[in-house]
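# A structural walkthrough
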Amino acid sequence: MSHLPINRSAWNRLAEVRSQFTKVATDDECRAPLQTLDSRGWLPASVEGKQVLCLASGGGWQSILYASAGAQVTVVDLSNKMLQLDEQEARRRGLRVRIVETSMDDLSELRDAQFDIVHQPVSTCYVPDVEAVYREVARVLRPGGLYISQHKTPTSLQITSRDQQNQYVIGLEYYQQGALPKADDRSYREEGATEYLHRWDQLVGGLCRQGFVIEDLREPMRADPSAPVGHFRHRGRFVAPYVRIKARRIDNSTNTESPSAIWVP
C-alpha cells in the first residue's frame, strides 16, 4: 500500500484527537505572529502582502499566523482533516487562506515562481524522496525566495529502543532503504504513519543541488535534565531530534560567468 493513504489516515486521526501537533493558533500568538513564527529572526521584518506557502503544515497554526501578519497564504497538506482546521480558523478570524490538498512532493497545482517564502515544519520524513520536495519548492519559489524547513535528523530515526542501562540503541542502519520498520522507541515517531530516513547528504546536499544556498542551520533543543527516563525530552539530551534550515533560492539568471574549477581531493 502506498505511503500516501497511510499517512493521510494517520494525520486525519491526529487532527480529530487534537494532538500536540494539531493545536490551532491562540489569540496571544496572533497578536505577535512573527515573533511566534520566528524566534531566530530568519523572516523579514514584515510579510505584509508577501506570497507565503505553508508546506505540509495544515492544522490551523502556521497559516493563521502568517495570515494574521498580512501575508497572502497558501497552505498545502495531504490530510483533509488538518486542512479543515485551517479553514475553520481562517473563517472564525476573518482571514483568507487558500487550501490545497496534495502531497508535498507534487505541487503541480501551483505556478512557477509564485512564492516569496516557503515555510515547512517537520514533514519530509513522510516521503521517500526529499529531493523531490526540494525540486518542487525550488520551482514555486521566486529567485531570492526564502525556504525555511525543519526535519527529523537521521540519527534520531535510527534509534529503535532503550537498553537496561537506559541507553538509547541505534538499531537501524544509516543507509536504510525503504520505509522505516516499527520500533519500540516511539518518542519522535507518529503513530500509524509511514516514515523514511533521509541522510545528511540528502537533507543538506540535496538542497544545494536544487539551487539553494544555506544561510543558517540550527538544532532545536529538546533536552531537559529533569525529564524522567522514557520521556521524549530525556531522549533529547542524547540525540538532537530535529534540524532547522534557512535556505535561499539562487537567482542564476544574471550569472553569465563560467563556474570556476573546484579542487576535489
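Let me begin by describing the structure that accompanies this report. (Residues numbered from 1 in each chain as written. Predicted model: local features only at pLDDT ≥ 70, side-chain atom pairs only at ≥ 80, totals over all residues. Heavy atoms only, no water.)

Moving on: the nonpolar core. Ranked by internal contacts, the top residues of the largest apolar core, which has 25 residues, are Leu53, Leu55, Leu110, Val118, Val137, Tyr147 and Phe212. Of all the elements in the fold, those that place two or more residues in this core are strand 1 (51–55), strand 4 (115–120), helix 6 (130–140), strand 5 (141–152), helix 8 (200–209) and strand 9 (242–249). No other element matches helix 6, which puts six residues into this core. Contact partners of Tyr147, with chain neighbours within four places excluded, come to Val118, Gln120, Val133, Tyr134, Val137, Leu141, Leu207, Phe212, Ile245, Lys246 and Ala247. (Core = buried A, V, L, I, M, F, W, Y, C linked by side-chain atoms within 4.5 Å. Buried < 20%, exposed > 50% of the residue type's maximum accessible area, 1.4 Å probe, protein only. Helix = DSSP H or I, 4+ residues; strand = E, 2+ residues; numbered from the N terminus. Contact = heavy atoms within 4.5 Å.)

Moving on to the packing of helix 6 against helix 8. As a packed pair, helix 6 and helix 8 sit with axes 9 Å apart at the nearest point and diverge in direction by 35°. The interaxial crossing formed by helix 6 with helix 8 has right-handed handedness. Residues Val130, Glu131 and Tyr134 of helix 6 lie in contact with helix 8, whose contacting residues are Gln202, Leu203, Gly206, Leu207 and Arg209. Looking at the contact of helix 6 with helix 8, its residues break down into four nonpolar, two polar and two charged. (Axes fitted to C-alpha atoms, helices over the stretch in contact; angles between N-to-C directions. Left-handed = near helix turned anticlockwise from the far one by under 90°. Nonpolar A, V, L, I, M, F, W, Y, C, P; charged D, E, K, R; others polar.)

Positionally, Lys246 belongs in strand 9. Not counting the four nearest positions on each side in its chain, Lys246 is found in contact with Trp42, Leu146, Tyr147, Val213, Ile214, Glu215 and Asp216.

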